[in-house]
Amino acid sequence: MYRIVRKQVLAPTITRFEIEAPFIAKKRKAGNFVMIRVENHGERIPLTIADGDPARGTITLIVQAIGKTTKLLCSKEQGEEVLDVVGPLGNPTPIEHIGHVVCVGGGVGTAELYPIAKALCDAGNTVSTIIGARSHDLVILEHEMRAIPSTTYVTTDDGSYGRRGFVTDQLKDILDSGNPVGAVFAIGPLPMMKAVSDLTRSYKVHTLVSLNTIMVDGTGMCGGCRVTIGGEMKFACVDGPEFDGHKVDFTELMMRNRTYVDMERIADERYRCQLAGLTQENVQ
Amino acid sequence: MSSANPLKPSERMKIPRQEPIEQAAAERMTNFLEVSFGFDDERSVIEAKRCLDCKQPLCIDGCPVGIDIPAFIGLVLKKDYVGAVNKIREANYLPAICGRVCPQESQCEELCVLGKKLTPVAIGKLERFVADFEMQQNLFTPPVIAEHREEKVAIVGSGPAGLTCAAELARKGYQVTIFEALHAVGGVLRYGIPEFRLPKEILDIETERIKALGVQIYLNFVIGRTATIDELFGEWGFKAIFLATGAGTPTFLGIPGENLSGVYSANEFLTRVNLMGAYRFPDFDTPIRIGKTVAVIGGGNTAMDAVRTAKRLGAEHAYLIYRRSRSEMPARQEEIHHAEQEGIELLLLTNPTRILADNNNWVCGIECQRMELGEPDDSGRRRPVPVKGSEFVVEIQTLVEAIGQKPNPIIQSTTPGLDTSKRGTVVTNEQQATSRPGIFAGGDLSRGGATVILAMRDGKQAAAAIHDYLEKT
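Residues numbered from 1 in each chain as written. Chains lettered and ligands numbered in written order. Predicted model: local features only at pLDDT ≥ 70, side-chain atom pairs only at ≥ 80, totals over all residues. Heavy atoms only, no water.

Asks: Quick question: what am I supposed to make of a nonpolar patch on the surface here?
Replies: Residue and element names in this part refer to chain B. On the surface, Leu-58, Leu-111 and Val-113 cluster together into a nonpolar patch covering about 200 Å² of accessible area. Along the chain, Leu-58 falls in helix H4 (residues 58-62). Classification of Leu-58 as partly exposed rests on a relative accessible area of 34%. (Patch = residues over 30% accessible without salt bridge, like charges linked within 9 Å, V, L, I, M, F, W, Y side chains within 5 Å. Areas by Shrake-Rupley, 256 points an atom, 1.4 Å probe, with all protein chains shown as cover. Salt bridge = Lys/Arg side-chain N within 4 Å of Asp/Glu carboxyl O. Helix = DSSP H or I, 4+ residues; strand = E, 2+ residues; numbered from the N terminus. Buried < 20%, exposed > 50% of the residue type's maximum accessible area, 1.4 Å probe, protein only.)

Asks: I'm lost on the sheet that holds strand E5 (residues 216-218) of chain B in this one. Help?
Replies: In any sheet, the strands associate via hydrogen bonds between backbone groups, in a parallel or an antiparallel arrangement. All names here are of chain B. If you walk across this open sheet you meet the 5 strands as E5-E4-E3-E6-E18, and the pairing is parallel. Each edge of the sheet is formed by a strand with only one pairing partner; in this case those strands are E5 and strand E18 (439-441). Taking the axes of each pair of neighbouring strands and ignoring which way they run, one obtains an average angle of 20 degrees across the sheet. Direction of pairing for strand E6 (residues 240-243) relative to E18: parallel, over a ladder of 3 bridges. Residue Phe-242 lies in a different strand from E18, and its bridge partner there is Phe-440. (Pairing = 2+ DSSP bridges. Axes fitted to C-alpha atoms, helices over the stretch in contact; angles between N-to-C directions.)

Asks: Could you clarify how one ought to interpret the interface of chain B and chain A in this entry?
Replies: The figure often quoted for interface size is the accessible area lost as the parts come together. In this complex, chain B contributes 47 residues to the contact, which on the side of chain A involves 44 residues. On the chain B side of the interface with chain A, the three residues burying the most area are Arg225(B), Asn259(B) and Asp285(B), jointly 19% of the side's total. Run the count over chain B and chain A and you get 5 salt bridges. Here Lys26(A) makes a salt bridge to Glu235(B), at a shortest N to O gap of 2.6 Å. Between chain B and chain A we count 26 residue pairs in polar contact (both at pLDDT 80 or more) in total. Breaking the side of chain B that touches chain A down by element, the ones donating at least two residues are strand E7 (249-250), strand E8 (263-265) and helix H15 (266-275) of chain B. The greatest single-element share of the side of chain B that touches chain A, amounting to 4 residues, is contributed by H15(B). The residue inventory of the side of chain B that touches chain A, partitioned by class, reads 22 nonpolar, 16 polar and 9 charged. (Contact = heavy atoms within 4.5 Å. Buried area = accessible area lost by both parts, 1.4 Å probe. Polar contact = N/O pair within 3.5 Å; in protein donor to acceptor, adjacent residues only side chain to side chain. Nonpolar A, V, L, I, M, F, W, Y, C, P; charged D, E, K, R; others polar.)

Asks: Even after reading the chapter, I still don't get the sheet that holds strand E13 (residues 206-210) of chain A, so can you show me in this structure?
Replies: Residues and elements named next belong to chain A. The mixed open sheet is built from 7 strands, whose spatial order is E11-E10-E9-E8-E12-E13-E16. Of all the strands in the sheet, just strand E11 (163-164) and strand E16 (242-244) have a single pairing partner and so form its edges. Here 7 bridges tie strand E8 (residues 100-106) to strand E9 (residues 126-133), and the two strands are oriented parallel to one another. Among the inter-strand pairings, Val-102 is bridged to a residue of E9, identified as Ser-128. The strands touched by helix H3 (residues 109-122) are E8, E9, strand E12 (183-187) and E16; relative to E8, the strand with the most contacts, the crossing angle is about 165 degrees.

Asks: I'm lost on the domain arrangement of chain B in this one. Help?
Replies: Residue and element names in this part refer to chain B. What the domain assignment lists for chain B is domain 1 (9-136), domain 2 (152-248 + 406-472) and domain 3 (252-403). Look at where the C-alpha atoms of domain 2 and domain 3 centre, and you get two points 30 Å apart. Facing the 13 residues of domain 2 at the interface are 13 residues of domain 3. In total, domain 2 and domain 3 occlude about 1,100 Å² of area from one another, counting both sides; carbon and sulfur atoms represent 57% of this. Sorting the residues of domain 2 by area buried against domain 3 places Tyr-191, Phe-196 and Arg-197 first, and these three jointly supply 52% of that buried surface. (Domains from an automatic or database assignment.)

Asks: Please clarify how the nonpolar core should be interpreted in this entry.
Replies: Most often, soluble globular proteins have nonpolar side chains that are buried together. In this structure, Ile69(B), Phe72(B), Ile73(B), Val130(B), Leu169(B), Phe242(B) and Ile466(B) are the most contacted members of the largest nonpolar core, which totals 73 residues. Here this core takes 9 residues from helix H20 (residues 452-472) of chain B, the largest share from any one element. Shared between two domains, this core holds at least three residues of each, these being domain 1 (9-136) and domain 2 (152-248 + 406-472) of chain B. Grouped together as the second largest cluster of nonpolar side chains are 36 residues, Leu89(A), Met193(A), Leu199(A) and Phe250(A) included. (Core = buried A, V, L, I, M, F, W, Y, C linked by side-chain atoms within 4.5 Å.)

Here's what the structure looks like:
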């Protein structure tokens, strides 16, 4: 069992957890992920490690409550436990001195981007960051990103904060500004990473994306996470999760990720009913 | 022992081989309960009477772990079932598992003298009966560990090789720790073999018995990631390590369409069902997709497990596609027989060439070609050759590829000096020692894909070699 030592709500539906996992805390690097199972009968899901403290033996996970498993996790309080946490898995992000790099985070992907942006800065790079969100209340880690330090831009779809529009609008301006960009690191929803990759392809700027796929074990055993990279079959869990965005077959992956959409809805619906039932019992 | 059997050999030979109690095919197709319930005590004693108690028993030569088969059968005859299971346990710490999943027909029972003219003694079913009897009656007592040894030994992987090695070393008094990557013990026994062949409760009980020897188990611990082999030797203080991580990486055919939705590796398909409980969705959160028609590609036991699972999950048609003929199928005869009883349709001498997609990128069919058998290949089996112009399409909604697994490379790639073969297996000598002193390996990790009992044989061999190694250092 893995104890939650701190819980902090960052935005509606987005929660930050510090979880006791001393072996993982000691080993984890930017870009690694863990597989977690919240309770018995539960699914195993991958979550990128947002931060870690080897001295305290904790790792940080930032979770958006979307489906049953993430909602269940986000309902856990400080002092409660998560059943299984295993890692650190996947390859760490290659951190090199490149020069000027742009880090693009979409939604909760910003949380996964944060340790990478920090590591890139520590390696001597000049870091620009673009945080994209649907609206102001979903913008996370802006303060932390600025403190790295990095030149930080915020875009929101509805214009409720920062620049109205998409991260690609801001990225295009940076690419056009004359300040050469050595590499782009993009983490967020697949359509966002696809749009970023399509944009940077025409500028011939190397772009690394972190793929979120279907996974069962996360250690190379199931192959559920297979993706096509430059025409070759790769496993996101052991060959990735980061790949050259210009080589990823995003369309195929987006289709694959829809495999269980209706069953995920059933699980989610059932969980909501259980919660409702529970509340009623509590009232009685 | 022969004194226990009053019958003359000629009389013993007149007794027919006893048949196990089995769930009827029509019924078992709708559930995940065990197909075979094995023998009851009456059948067991009758079957035990058939043993000729040979002076030079060949059956023992056929057992990879060298169980004293005539001795345990003699104890069954005396109705000393606990004595019998303890006799087995001297050589094999997982009797309830082996009694179910061992291919006895090609091992002990193949060499049984009775089998030459009649049918061999049902050794596997007897093994299973005594192990089950002990469990049901709750009569297990852990063996006394005579000596205490300070040396710590790490076992990587909790499959049949790892569990066996752990039990052997713990009985010798060593301080044994198993590291398991998944959240449950058992390796392929847990994620691969379905409930209807090996109930997980049996695995849980056998695991508890290994824990009772003082073996410590770390779950959710990926060696090579959570800690490296060199750290196990260093800060963790282990004096020897046995690698038994199996062959967990699926291989794919390399035909077009393998990344379509609805296409699974057998590993993913079986792991979802067996480890994650997808057959009980939505009581368990992990989903699985079963179309009206499911095809499984392959001819081994894994393919059989997958196709029989698909049928139980509600497939109206479940096809097994295999490119050679029935006699070349590597699966156990018993499994093929059970599958056919359950209505599995075998498409033999059939080779898949392309997976077809619908508009939503879902699998909707598989294009195959007919094959005919040509000259024997390196494996001695006749090589299948395509018949020109014989392409045809089978409409399917789910496809499972069960064409073999290879070892997971995480440990090999994070352990300097560990020699591996081109196939990705860890190279060992006959004592299971690897190229690095103190590191031993066995099971599918060094064999590349074999059986539970051969993995156990390696675990036992490695335990003996580790004992020798630690005595010398």
